[in-house]
Amino acid sequence: MSEVAVQMEHVYKKFRKGEVYNSLRDLLPALTGKMFRQQELQASDKREFWALQDLSFEVRRGESFGIIGHNGAGKSTALKILSRIMKPTKGSMVINGRLSALIEVTAGFHHDLTGRENIFLNGTILGMTKREIESKLDQIIAFSGIEEFIDTPVKRYSSGMYARLGFSVAAHVDPEVLIVDEVLSVGDYVFQNKCVQRMKEVLASGTTVLFVSHNLKTVADFCKRCLLLERGRVVMIGPSHEVIPAYVTRALPAKGRAAHATQASI
């Protein structure tokens, strides 16, 4: 069995900000071009932009690996490609093991169904069998802390209750590879602590975790290594205690960097 759980090799992802055609004369060639040829990897169209450029990294089995960077750096795009929500424009990836993603924890919910019914719906979408869901149903409900309302349609839930149930389902999938994107801040303070404790249990079980968060302390606590992205490109990969300070320094204005450097030298 390979010791590498997740690998991305030279991955690119291009998006188009919008397509506007002012005449049939412009529209027909555009449609024909899409049907019969691939767009070349070039920035000739100002409406196109690269969300990811030449992204390469690997995560070993059982490792917790962080991905950090400012908003728009490409973090969520990378995770959505890994979870197969999106396809890369170019490049390849390998995932060895059953994968689950805590990206949008309530994405598979139906507003008119009850909390209990949505557990089965969402669990199935996340790859659980009916037997698995039934065996964990009581744990999921208890973890969510909304037992009293579990047979109420979720359209009557508060946003906090909605998020708590979504996280509870996703946190009990027991995958071999888990992708986590800014979901440990759902619910109130008590529930957030439960989420953090659950993540520690997942890590202790040997699950490989890819973790994205703007909470750098949480990244440092959970991840020994991390990757810094900036405008879709890899800036640095290495130990978290080296990458996180580098990110903070780059994020400071020029005057702030000079002051930070002066303080560090004192």
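Definitions and limits used
- Residues numbered from 1 in each chain as written.
- Predicted model: local features only at pLDDT ≥ 70, side-chain atom pairs only at ≥ 80, totals over all residues.
- Heavy atoms only, no water.
- Helix = DSSP H or I, 4+ residues; strand = E, 2+ residues; numbered from the N terminus.
- Buried < 20%, exposed > 50% of the residue type's maximum accessible area, 1.4 Å probe, protein only.
- Contact = heavy atoms within 4.5 Å.
- Pairing = 2+ DSSP bridges.
- Axes fitted to C-alpha atoms, helices over the stretch in contact; angles between N-to-C directions.
- Parallel < 35°, antiparallel > 145°, perpendicular 65-115°, else oblique.
- Disulfide = S-S within 2.5 Å.
- Salt bridge = Lys/Arg side-chain N within 4 Å of Asp/Glu carboxyl O.
- Phe/Tyr/Trp six-rings, centres within 6.5 Å; stacked < 30°, edge-to-face > 60°.

1. Considering the environment of valine 202
Okay, step 1: Tracing the backbone through its elements, the reader meets valine 202 in helix H6 (residues 189-204).
Okay, step 2: The class for valine 202 is buried, based on a relative accessible area of 9%.
Okay, step 3: The residues contacting valine 202, other than those within four sequence positions of it, are Leu178, Thr207 and Val209.

2. A look at the pairing of strand S3 (residues 64-68)
Okay, step 1: Counting buried positions over the 5 residues of S3 gives 5, a clear majority of the element.
Okay, step 2: Of the two faces of S3, the one lined by Ser64, Gly66 and Ile68 and the one lined by Phe65 and Ile67 are each fully buried.
Okay, step 3: In this structure, S3 lies alongside strand S7 (residues 208-212), joined through 4 bridges in parallel fashion. Of the residues in S7, the one forming a bridge with phenylalanine 65 is leucine 210.

3. A short note on the packing of helix H4 (residues 130-144) against H6
Okay, step 1: Put simply, H4 and H6 touch, their axes get as near as 10 Å, and they point 140 degrees apart. Judged by the angle between their axes, H4 and H6 are oblique. Where H4 abuts H6, its residues Ala142, Phe143 and Ser144 lie against Phe191, Lys194, Cys195 and Arg198.

4. Topic: the environment of methionine 236
Okay, step 1: With respect to the helices and strands, methionine 236 occurs in strand S9 (residues 233-239).
Okay, step 2: The exposure class assigned to methionine 236 is partly exposed, which follows from its relative accessible area of 26%.
Okay, step 3: For the pair methionine 236 and alanine 246, spaced 10 residues apart in sequence, the C-alpha separation works out to 8.5 Å.
Okay, step 4: Those residues in contact with methionine 236 that lie beyond four places of it in its chain are Cys226, Leu227, Leu228, Glu242, Val243 and Ala246.

5. Some thoughts on the state of the cysteines
Okay, step 1: Tallied over the full model, the rule gives 0 disulfides.
Okay, step 2: Cysteine 223 takes part in no disulfide bond, and the closest cysteine sulfur, belonging to cysteine 226, lies 7.0 Å away.

6. Some remarks on the pairing of S7
A regular strand places its side chains on the two faces of the sheet in alternate fashion.
Okay, step 1: For S7, a buried count of 5 out of 5 residues is recorded, marking the element as mostly surrounded by other parts of the structure.
Okay, step 2: By the alternation rule, side chains of S7 split into Thr208, Leu210 and Val212 and Val209 and Phe211, which are all buried.
Okay, step 3: Strand direction decides the pairing type here: strand S6 (residues 177-181) and S7, joined by 5 bridges, are parallel. Residue pairing in the sheet places leucine 178 in a bridge with valine 209 of S7.

7. Let's talk about the pattern of salt bridges
Okay, step 1: In total, this model carries 10 salt bridges according to the counting rule given.
Okay, step 2: Between arginine 98 and glutamate 132 there is a salt bridge, and its shortest N-O distance comes to 3.3 Å. Placement of the pair is arginine 98 in the loop between strand S4 (90-95) and strand S5 (99-102) and glutamate 132 in helix H4, with a sequence separation of 34 residues.
Okay, step 3: Taking the relative accessible area as the measure of exposure, arginine 98 reaches 28% and is therefore partly exposed.
Okay, step 4: Lysine 217 is paired through a salt bridge with aspartate 221; the nearest N and O atoms lie 3.0 Å apart. One end of the pair is lysine 217 and the other is aspartate 221, both in helix H7 (residues 216-222) and 4 residues apart, which spans about a single turn. A single burial state applies to lysine 217 and to aspartate 221, both of which are exposed.

8. A word on the sheet that holds S9
Hydrogen bonds between backbone groups are what pair the strands of a sheet, and the pairing can be parallel or antiparallel.
Okay, step 1: Here 6 strands make up an open sheet; going across it, the order is S5-S6-S7-S3-S8-S9 and the pairing mixed. Edge positions in the sheet fall to S5 and S9, since each of these pairs with one other strand and no more. Shown here is a sheet whose adjacent strand axes are inclined to one another by a mean of 15 degrees, direction ignored.
Okay, step 2: The pairing of S5 with S6 spans 4 bridges and is classified as parallel. Along S6, the bridge assignment pairs leucine 102 with valine 180.

9. Some points on the packing of aromatic side chains
Okay, step 1: Counted by the stated rule, this structure contains 8 aromatic pairs.
Okay, step 2: Look at phenylalanine 15 and phenylalanine 49: their rings are 5.8 Å apart centre to centre, the planes differ by 35 degrees, and that puts the pair in the tilted class. Of the two residues, phenylalanine 15 is situated in strand S1 (residues 4-16) and phenylalanine 49 in strand S2 (residues 48-60); the sequence distance between them amounts to 34 residues.
Okay, step 3: Its relative accessible area of 35% is what places phenylalanine 49 among the partly exposed residues.
Okay, step 4: Arranged with centres 5.5 Å apart and planes meeting at 55 degrees, the rings of phenylalanine 211 and phenylalanine 222 form a pair that is tilted. Linking phenylalanine 211 in strand S7 with phenylalanine 222 in helix H7, this pair joins segments that are 11 residues apart in sequence. Taken individually, phenylalanine 211 and phenylalanine 222 each receive the classification buried, so the pair is uniform in this respect.
Okay, step 5: One aromatic cluster is present, built from ring pairs that chain together Phe143, Phe167 and Phe191.

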